[in-house]
Amino acid sequence: MKAALIGHPVSQSKSPLIHQYWMEQYGVEGHYDLIDTPDGALEETIQRLIAQGYNGFNITVPYKEKIIPFCDVIDDTAKKIGAVNTVQIIDKKLHGYNTDAYGFIQNLKNSAPSMVIRDKVALVLGAGGAARAVIYGLINEGVEKIYLTNRTIEKAEKLQNDFGNKIEILNWSDRESKNQEIILLVNTTSLGMIEKPSLEFNIDHLNDKIIVSDIVYNPLETDLLKGTKERGCLIVIGIGMLLHQAVPAFELWSGIKPEVTKGLEALVLS
Ligand code: ATR
């Protein structure tokens, strides 16, 4: 299996650890390379990987949208999310996928097996690329309503335009106003991440039966997760999304559907 990650920067990525772990587990020979790709070098990098017979690659910041014009085929999920994070190369043609929504939903189901998303009300904080994948995933699972709030309201409006009337927008200053109604809270902003500002979110009126998910995984347990866990909420840590989004990619490249195990989680956390 010849695979890689294209992005800038990429040195901090955990993806090589994940794919190399599975290669060992399933006896697949190959390698997963980190390819730091400066602005302007995307096309040349893709051509090189095609010429060298790679099975495919992952794409991260800042190329998840920029890769789209280079893809010969784009699957419906990636089209709707508007970003590609996984490419399979078949007969020198690029097939683009987005596995982030799958990763988010699988992580949620794995961490909260008894949770039923269908017909429930969620609050999503943030309207960036990650929010698009989260919202796609929740709508696909039949969520009843999504309250969406973002500092820049125009970005939330764009998502509402793209994903439809299950989305109701809240002003960022009113983000806690539906706390008594929601059963799922998802932070998709970068707030609470190490070296970023903290997320100001008053959890006082949250129902303690709700599920709280944060896509930030550094720190592993954000202040939002710590606070809500103390109240008795079920929390879903972000690292699981990273592990689960890698599953379809490995399967596309190797033909083997790998498992997310405790051993893999421990390795990535070490
Ligand atoms: P990603 O692709 O990981 O979602 P992104 O597209 O840069 O990254 O989105 C980051 C999210 O964090 C956005 O919702 C952003 O809000 P804006 O759209 O207003 O920029 C949110 N965010 C980042 N810094 C923030 C801050 N200081 N206060 C509130 N929201 C913030």
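Everything numeric in this text was worked out from a predicted model, so none of it was measured. (Residues numbered from 1 in each chain as written. Predicted model: local features only at pLDDT ≥ 70, side-chain atom pairs only at ≥ 80, totals over all residues. Heavy atoms only, no water.)

Visitor: Can you walk me through unusual backbone geometry in this structure?
Guide: Negative phi characterises most residues that are not glycine, and trans characterises most peptide bonds. Of note, the bond from H8 into P9 is cis; its omega dihedral lies within 30 degrees of zero at 0 degrees. The amide bond that connects N218 to the next residue, P219, takes the cis arrangement and shows omega of 10 degrees. Residue position: P219 is located in the loop between β11 (211–214) and α7 (223–230). Positive phi, close to 65 degrees, is recorded for D119, a residue that is not glycine. Inspection of the secondary structure puts D119 in the loop between α4 (100–111) and β7 (121–125). What makes D119 exposed here is its relative accessible area of 53%. (Helix = DSSP H or I, 4+ residues; strand = E, 2+ residues; numbered from the N terminus. Buried < 20%, exposed > 50% of the residue type's maximum accessible area, 1.4 Å probe, protein only.)

Visitor: When you look at the sheet that holds strand β8 (residues 145–150) in this model, what are you seeing that I'm missing?
Guide: Within a sheet, adjacent strands bond to each other through the backbone by hydrogen bonds, running parallel or antiparallel. The six strands are arranged β9-β8-β7-β10-β11-β12 in an open sheet whose pairing can be described as parallel. Of all the strands in the sheet, the pair left with one neighbour each is β9 (167–171) and β12 (234–236). Taking each pair of neighbouring strands and ignoring which way they run, the sheet shows an average axis angle of 20 degrees. One ladder, built from five bridges, connects β7 with β8; its direction is parallel. Considered in β8, the bridge of L123 is made with Y147. Sitting on the sheet, α4 touches β10 (184–187), β11 and β12, and the angle it makes with β12 is about 145 degrees. On the sheet, α7 packs against β10, β11 and β12 and is oriented at approximately 165 degrees with respect to β11. (Pairing = 2+ DSSP bridges. Axes fitted to C-alpha atoms, helices over the stretch in contact; angles between N-to-C directions. Contact = heavy atoms within 4.5 Å.)

Visitor: Is there a simple way to explain the sheet that holds strand β1 (residues 2–7) in this structure?
Guide: The strand order β2-β1-β3-β5-β6-β4 describes an open sheet built from six strands, whose pairing is mixed. The open sheet terminates on both sides in strands that have one partner only, identified here as β2 (31–36) and β4 (73–74). Two elements, β1 and β2, share six bridges in a ladder whose sense is parallel. Bridged to G7 within β2 is D36. Packed on one face of the sheet, helix α1 (residues 15–25) meets β2 and β3 (56–59) and runs near 165 degrees to β2. Across the sheet, helix α2 (residues 42–51) lies against β1, β2, β3, β5 (86–90) and β6 (93–97), angled at about 180 degrees from β1, the strand it touches most.

By themselves these figures say nothing about function.
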